[in-house]
Amino acid sequence: MAAPSTSDPDLEQVAWDLSHLLAADAGAGADPATTVDQTLAVARERSEAFAERYRGKLETLDAAGIAGAMREIEHIEDAIGRVYSYAALSFATDTADPARGALLQHVQEDATVISTGPDPLFSRYPLRSFQSDISLAGSAALTLQALAEAVREESLDAARIHERGLAWETAHTQARTALQAQAETGRTKRPLDKAWVSACVEQVRSDSTIIINELGLDVSQFGFERAGTYFGAPAPGILGWGLGAALGAKLAAPDKTVIACIGDGSYMFGAPTAAHWVARRMQLPVLFIVWNNARWNAVASATRGLYPDGWTAHLNSYPFSDLSPSLDWELVCQAAGGYGERVEDPAEVQGALERALRVVQQEQRQALLNMVSA
Ligand SMILES: Cc1ncc(C[n+]2csc(CCOP(=O)(O)OP(=O)(O)O)c2C)c(N)n1
């Protein structure tokens, strides 16, 4: 397939300046990876000194002593938070660069992750690849309330908190702007660009939409604010989950609009004719988006990653992950009385989404958009 073309080279040149996140720890021109290492080393030393000083002695501290300890934690966490943000945002700008990936992995291995929730370790999941060093079991809302109450009595440095808030706000705004710019570069790309299509889906989404994302959507293009509006594929990676999950979501929440995005490979795993029949039989008008790249890209890219100079990469041919020629997936939905449309033109993505949603919401029929991607 031809490489996607970009019509706005100026936009592609936009670079993201993250240096302020490391500025407190490094002089101008310092190597970021070395600065990250040094900052982590200092944070580790301070953490060890902290443990030495306070372990088992908390009950002997007066209010001023506890405040001092909290301030020390703040310094340590601020330093770690900044290098973590640097590594994560730097990785986000180029996820194909091994050096950025290695730096993020390095920082993650060093971070202390505190999690809260009814069951922070998700103990009934057989497999879950999220780190949690300190687990605070309980309702997240009540835990946060208790923490807020515990610090309310502290004499806190309001100016410093304000300054830190502004720094995080700037980093957040920069991140959002860069993501928007990334989606914009896809506005004219053929085959369709994931960030662009995801940004279009975000435009038609509301709090009464449930997004099911098995494969194909770039979550960073969304601004989810409510629980229960987004469900991603479970960590063990059970392909074929998305179609059934979407039907289940619609069955459970008939007043919500359900949009499910599924890779073409996952779509086949999900027994699509059965799923469309169930949607018709049970009157479950769901909008299915098939992210059609005519391959098992995850498998192809894993092969490429392991053997970048191998024969398949050389020939650009991936025998056991090639799904071409694709079927006309939109016709499969039409066969079940639904609406189907093939979308190849990036300028048509928004219109196609609106047409399909009109069918789903007003005609109460299922719909499928076959998004031809790379
Ligand atoms: C049941 C099951 N079988 C195999 C896999 C391994 N696997 C992970 S991603 C993938 C390819 C998915 O293809 P597609 O849905 O077209 O998405 P793409 O990778 O092209 O984005 C496979 C086979 C899995 N996760 N689950």
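Student: Mind laying out the overall build of the protein chain, listing which residues take part and the relevant values?
Tutor: When you go through the protein chain residue by residue, the secondary structure sums to 15 helices and eight strands. C-alpha atoms of the protein chain, sized along the principal axes, occupy 75 × 45 × 35 Å. With 374 residues in all, the protein chain has 27% of them scored as buried. Relative to all contacts within the protein chain whose residues are 6 or more apart in sequence, the contacts with residues 24 or more apart total 67%.

Student: Residue-level account of helix α11 (residues 272-281), with values.
Tutor: Those residues of α11 not exposed but buried are P272, A275, H276 and A279. Down the axis of α11, the buried side of the element spans an arc of 95°, and every buried residue falls inside it. Along α11, exposed side chains directed more than 90 degrees from the buried face belong to T273, A274 and R281.

Student: Quick rundown of the domain arrangement of the protein chain? Include the residues and the values.
Tutor: If you check the domain split of the protein chain, you get domain 1 (11-111 + 155-178) and domain 2 (186-372). Centre-to-centre, using C-alpha coordinates, domain 1 lies 37 Å away from domain 2.

Student: I'd like a rundown of the packing of helix α4 (residues 63-93) against helix α5 (residues 98-110), residues and numbers included.
Tutor: Orientation of α4 relative to α5, taken along the N-to-C sense of each, is 150°, at an axis distance of 8 Å. In this view, α4 runs roughly antiparallel relative to α5, as classed from their interaxial angle. When you trace α4 past α5, the crossing you get is left-handed. Across the interface between the two elements, V83, Y84, A87, A88, S90 and F91 of α4 pack against R100, G101, L103, L104 and V107 of α5. Tallied by class, the residues present in the contact of α4 with α5 amount to eight nonpolar, two polar and one charged.

Student: Please give an account of unusual backbone geometry that cites residues and values.
Tutor: Cis geometry marks the peptide bond from R190 to P191; its omega dihedral reads -10°. Mapped onto the fold, P191 is located in the loop between α7 (158-184) and α8 (194-204). If you check the backbone angles, Q283 has positive phi at about 50° while not being a glycine. Mapped onto the elements, Q283 comes out in the loop between α11 and β6 (287-292). Backbone geometry places N316, a non-glycine residue, at a positive phi of 50°. For N316, the location among the structural elements is in the loop between α13 (311-315) and α14 (329-334). A tally of 9 C-beta atoms within 10 Å means that N316 is categorised as exposed.

Student: Got a sec to walk through the environment of T303? Specific residues and values, please.
Tutor: Among the secondary structure elements, T303 is positioned in helix α12 (residues 297-306). When near neighbours in sequence (up to four residues on either side) are disregarded, T303 contacts T312 and Y318.

Student: Which residues make up the site of the ligand, and what values do they have?
Tutor: Every one of the 16 residues lining the ligand counts as a neighbour, but G237, G263, G265, N297 and A298 are closest to it. Taken together, the elements giving at least two residues each to the shell around the ligand come down to α10 (264-269) and α12. A total of four residues in the shell around the ligand trace back to one element, the largest contributor, which is α10.

Student: Help me get a handle on the pairing of strand β3 (residues 209-213), residues and values and all.
Tutor: The buried count for β3 comes to four of five residues, which makes it a mostly enclosed element. Both β3 and strand β5 (residues 257-263) contribute to a ladder of five bridges, which runs parallel. Across the sheet, the residue bridging to T209 is T257, located in β5. The pairing of β3 with strand β4 (residues 230-232) spans three bridges and is classified as parallel. Its bridge partner being in β4, I211 is matched across the sheet by Y230.

Student: Give a description of the nonpolar core that names residues and reports values.
Tutor: With 48 residues, the main nonpolar core has A246, A260, I262, V286, F288, I289 and V290 as its most contacted residues. Those residues in contact with I289, other than ones at most four positions away along the chain, are G216, I259, A260, C261, L369 and M371. Formed by 12 residues, the second largest nonpolar core is a distinct cluster that contains L18, L40, A43 and A87.

Student: How would you summarise the sheet that holds strand β7 (residues 339-343) if you had to cite specific residues and measurements?
Tutor: Read from one edge of the open sheet, six strands run β4-β3-β5-β6-β8-β7, paired in parallel fashion. With partners counted over all chains shown, the strands left at the sheet margins are β4 and β7, one partner each. On average, adjacent strands in this sheet sit at an angle of 15° to one another, irrespective of strand direction. As paired strands, β6 and strand β8 (residues 367-372) are joined by six bridges and run parallel to one another. Within the sheet, the bridge partner assigned to I289 lies in β8 and is L369. Sitting on the sheet, helix α9 (residues 241-252) touches β3, β4, β5 and β6, and the angle it makes with β5 is about 175°.

Student: Could you give an account of the packing of α9 against α11, naming the residues involved and the relevant values?
Tutor: Between α9 and α11, the shortest axis-to-axis distance is 10 Å and the interhelical angle comes to 10°. What the angle tells us is that α9 and α11 run roughly parallel. On α11, the residues touching L243, G244 and L247 of α9 are P272, A275, V278 and A279. Its residues assigned to classes, the contact of α9 with α11 shows six nonpolar, one polar and no charged.

Definitions and limits used
Residues numbered from 1 in each chain as written. Predicted model: local features only at pLDDT ≥ 70, side-chain atom pairs only at ≥ 80, totals over all residues. Helix = DSSP H or I, 4+ residues; strand = E, 2+ residues; numbered from the N terminus. Buried ≥ 20, exposed ≤ 12 C-beta atoms within 10 Å, placed from the backbone. Contact = placed C-beta atoms within 7 Å. Arc of directions from axis to C-beta. Domains from an automatic or database assignment. Axes fitted to C-alpha atoms, helices over the stretch in contact; angles between N-to-C directions. Parallel < 35°, antiparallel > 145°, perpendicular 65-115°, else oblique. Left-handed = near helix turned anticlockwise from the far one by under 90°. Nonpolar A, V, L, I, M, F, W, Y, C, P; charged D, E, K, R; others polar. Near = placed C-beta within 6 Å. Pairing = 2+ DSSP bridges. Core = buried A, V, L, I, M, F, W, Y, C linked by C-beta atoms within 7 Å.

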